[in-house]
Amino acid sequence: MNNIYLPQLVTIEEIRDEAPDVRSFKLVFKDPRLREGFDFKTGQFALYSAFGLGESTFCIASSPTKKGYIQCTFRRSGRVTGGLSQLSVGDTMGFRGPYGNSFPIEEWKGKNIVFVAGGIGLPPVRSVIWNVLDNKADYGNITIVYGAKTVADLVYKDELKAWDEMDGVTLVQTVDPGGETPDWKGKVGFVPTVLEEAAPAAANTVAVTCGPPIMIKFVLNALLKLGFDENSVYTTLENKMKCGVGKCGRCNVGDVYVCKEGPVYTAAEIKRMYNDF
Amino acid sequence: MADKILKKEDLAKLIASVTGKGGRFVAPTTAARQIVFKKVSKAEEIAPDYILARNSFKEFLFPQTEVIAEFTVCKDTVDMRGVEVEAPETVVFGARPCEAASLAGMRALFTWDFVDEFFTKRDDNTVVITVGCTKGDEACFCTSVNLSPESTEGADVYMRETEDGGYAVQALTDKGKKFVAAHAAVFSEGSAKARALFMPEKVPGVDLKKISERLKDKSHYDNPVWKKLAMKCIGCGACTFVCPTCRCFDITDEGTAFEGERRKNWDSCQYDSFTLHASGHNPREHQPQRWRNRFMCKFNFYPEKFNSKGCVGCGRCIRVCPVRLDITDVMQEFSK
């Protein structure tokens, strides 16, 4: 019987604490065929299980250009992520995916890209960032605008440093007012506001954003205000999901099933959708 | 036209013929003074006179809870085992034409790209026998959603009660024809006068085309009418459990951290936890938003996405609602 709900088994190979309550896992498939052959596209998501507690949905935070493993990053906030947080290196998890559509990065060749992320919205964007940076010659200038509530809440601190030092990459970091530390050298302000000052010219530029739903709404408005074409602005909607395959009925935004027709949408598509995410 | 006759006294033989071959015979019966679909083994158990069962027969295709996998956490790994679906040969006898019409939507949903074999294998092994309604009540509104007691959508075999207490039998699908052939000894040739059918009155003013158009126009979303109509909803979810087309579910683990099973359980879009993110954000935070989702699922998502009926007019949601929220009031409102 073909059981669409049966997960694959993965082993936790490495654990990295990114920020308070935010953790990354490097995962390797137990099935040797999948370890070699597992393929996905940047922007796709998966369901990760902590056995005995259930499944949670997050994006695949690593880039398809990195072979042999996948990474996920999650905030400990519910039952399943609480269970995942108790796991150690060498422990086994469930993985079901990849599901959903992806960012059409092939179409972006020759263009500049601005990435705009907030808090735990960086992991899905990070997959695209590395995918693009691993093929850097194909793309123009890269700008990354990333913000979090406080300095401590910024994730992937080592990678932020690496991106900052890369040629052709501009990194702008910000924290919400009150979230700065005395030695903070980045900006202070909300992501959409900082974006308006730091964004590159809209011409020949693609924008990718992810963050809390309220941030996404403001960032989309800011980008359109800056003159970005609504077909060149992309976001990913990470709604609550249980099945990931269009059956369980909860990820829909109006008549759009995020798991099947998303999670990646252009601003033009978002505009046609109900304001209900 | 009827092909065969099932005499009143031969219903017992039909049950015996089905169960004798190892099948289960599901029919409306009385339990706790209510009419419910249950497995029966004797003709006397079948309710002699009913409008329709309180539950729909969907639970025999899509159970309230079912195991989809089992796991044991071992020292260095997890033993994860998928389970085979239990799909016994099943005959659903005495379904009403309304609820049988829900099957098209369920089939579309459970086979949309990814095939959920927990549903399809049971569906493949189920023969649905509908019996045209000779009585109804004020909650019945099939005629307002383009159905009637004569509708055969979703039925493998359609029957009409006859004046002498038997049934006029019409096999419709291949599955239905095979069923009648397999139990040929039970059916008789001949004809009998069918009892008159009960035709529910149409809900005044309801216009499905208009509803569909209004729901396609996004401006309805913030219409204060949702609040007006649905604010009294207490979010109990009863409407969704008795609804033959509702099929939302949850996937949860039961057991200990070492051993357990993963289950697919019925869930309801009327619960606040249904869409609640772990972050605390909830896209459908208020009850009227959840009610709007339910109504749109019935009159926009099912028809537009799955080319099928989302509401079959059985009226179960009206009968069970503790606050008398009547879906036909909303239909009327959106027919304006």
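Since the model is a prediction, treat every value here as computed from it, not as a measurement.

Here we come to the sheet that holds strand S7 (residues 112-118) of chain A. Across a sheet, strands are paired by hydrogen bonds formed along the backbone, either parallel or antiparallel in direction. Residues and elements named next belong to chain A. Strand order in this open sheet of seven strands is S10-S9-S8-S7-S11-S12-S15, and the pairing throughout is mixed. Whereas interior strands pair on both sides, the edge strands pair on one side only; in this sheet they are strand S10 (187-188) and strand S15 (264-266). Relative to S10, strand S9 (residues 169-175) runs parallel, the two sharing two bridges. Bridge pairing in S10 places Val175 opposite Val188. Here helix H4 (residues 157-165) sits on the sheet in contact with strand S8 (142-148) and S9, set at roughly 135 degrees to S9. This element, helix H6 (residues 213-225), spans S7, strand S11 (205-210) and strand S12 (233-236) of the sheet and lies at about 165 degrees to S11.

By the element assignment, B:Phe249 lies in strand S10 (residues 249-255). Between the C-alpha atoms of B:Phe249 and B:Glu89, which are 160 residues apart in sequence, the distance is 24 Å. Here B:Phe249 is in contact with A:Tyr5, A:Lys242, A:Cys243, A:Lys247, A:Cys248, A:Arg250, B:Phe62, B:Phe110, B:Lys264, B:Asn265, B:Trp266 and B:Asp267, once residues within four sequence places are set aside.

All names here are of chain B. In terms of burial, helix H4 (residues 117-124) is a largely internal element, six of the eight residues being buried. Turning to H4, its buried residues are Glu117, Phe118, Phe119, Thr120, Arg122 and Asp123. Contacts from the buried residues of H4 go to strand S4 (65-73), helix H3 (103-110), strand S7 (126-131), helix H5 (174-182) and strand S11 (259-266). If you check the start of H4, you find a side-chain oxygen 2.9 Å away from the backbone N of Phe118, and it comes from Asp116.

The next thing to look at is the environment of B:Val91. Residue and element names in this part refer to chain B. Of note, Val91 is situated in strand S6 (residues 90-95). Residue Val91 is classed as buried on the basis of its relative accessible area of 4%. The sequence separation of Val91 and Asn125 amounts to 34 residues, and the corresponding C-alpha distance is 8.5 Å. Ignoring any residue separated from it by four or fewer positions in sequence, one finds Val91 in contact with Val18, Arg24, Phe25, Val26, Val127, Ile129 and Phe179.

Let us look at the nonpolar core. Nonpolar side chains in soluble globular proteins generally cluster together in the buried interior. By size, the foremost hydrophobic cluster in this structure holds 102 residues, and its most contacted members are A:Tyr5, A:Leu195, A:Leu237, B:Phe57, B:Trp291, B:Phe295 and B:Phe299. The biggest single contributor to this core is helix H9 (residues 287-306) of chain B, with eight residues. Counting contributing residues, this core receives three or more from each of domain 1 (8-99) and domain 2 (105-236) of chain A. If we ignore the near neighbours within four places in the chain, the residues touching A:Leu237 are A:Ile216, A:Val253, A:Val258, A:Pro263, A:Tyr265, A:Ile270, A:Met273 and A:Phe277. A:Ile113, A:Ala117, A:Leu133 and A:Val206 belong to the second largest nonpolar core, which has 37 residues in total.

All names here are of chain B. Overall, mixed pairing links the seven strands, which are arranged S1-S9-S8-S7-S6-S2-S3 in an open sheet. In the strand order of this sheet, the two ends are held by strand S1 (4-6) and strand S3 (34-40), each with one partner. Each neighbouring strand pair of the sheet contributes to a mean axis angle of 30 degrees, computed without reference to strand direction. Where strand S2 (residues 24-31) and S3 come together, seven bridges link them in antiparallel fashion. Residue pairing across strands places Val26 opposite Lys39, the latter belonging to S3. Across the sheet, helix H1 (residues 11-20) touches S1, S2, S3, S6 and strand S9 (167-171), and the angle it forms with S2 is around 130 degrees.

What counts as what
- Residues numbered from 1 in each chain as written.
- Chains lettered and ligands numbered in written order.
- Predicted model: local features only at pLDDT ≥ 70, side-chain atom pairs only at ≥ 80, totals over all residues.
- Heavy atoms only, no water.
- Pairing = 2+ DSSP bridges.
- Helix = DSSP H or I, 4+ residues; strand = E, 2+ residues; numbered from the N terminus.
- Contact = heavy atoms within 4.5 Å.
- Axes fitted to C-alpha atoms, helices over the stretch in contact; angles between N-to-C directions.
- Buried < 20%, exposed > 50% of the residue type's maximum accessible area, 1.4 Å probe, protein only.
- Polar contact = N/O pair within 3.5 Å; in protein donor to acceptor, adjacent residues only side chain to side chain.
- Core = buried A, V, L, I, M, F, W, Y, C linked by side-chain atoms within 4.5 Å.
- Domains from an automatic or database assignment.

By themselves, these are just geometric observations and shouldn't be taken as functional.
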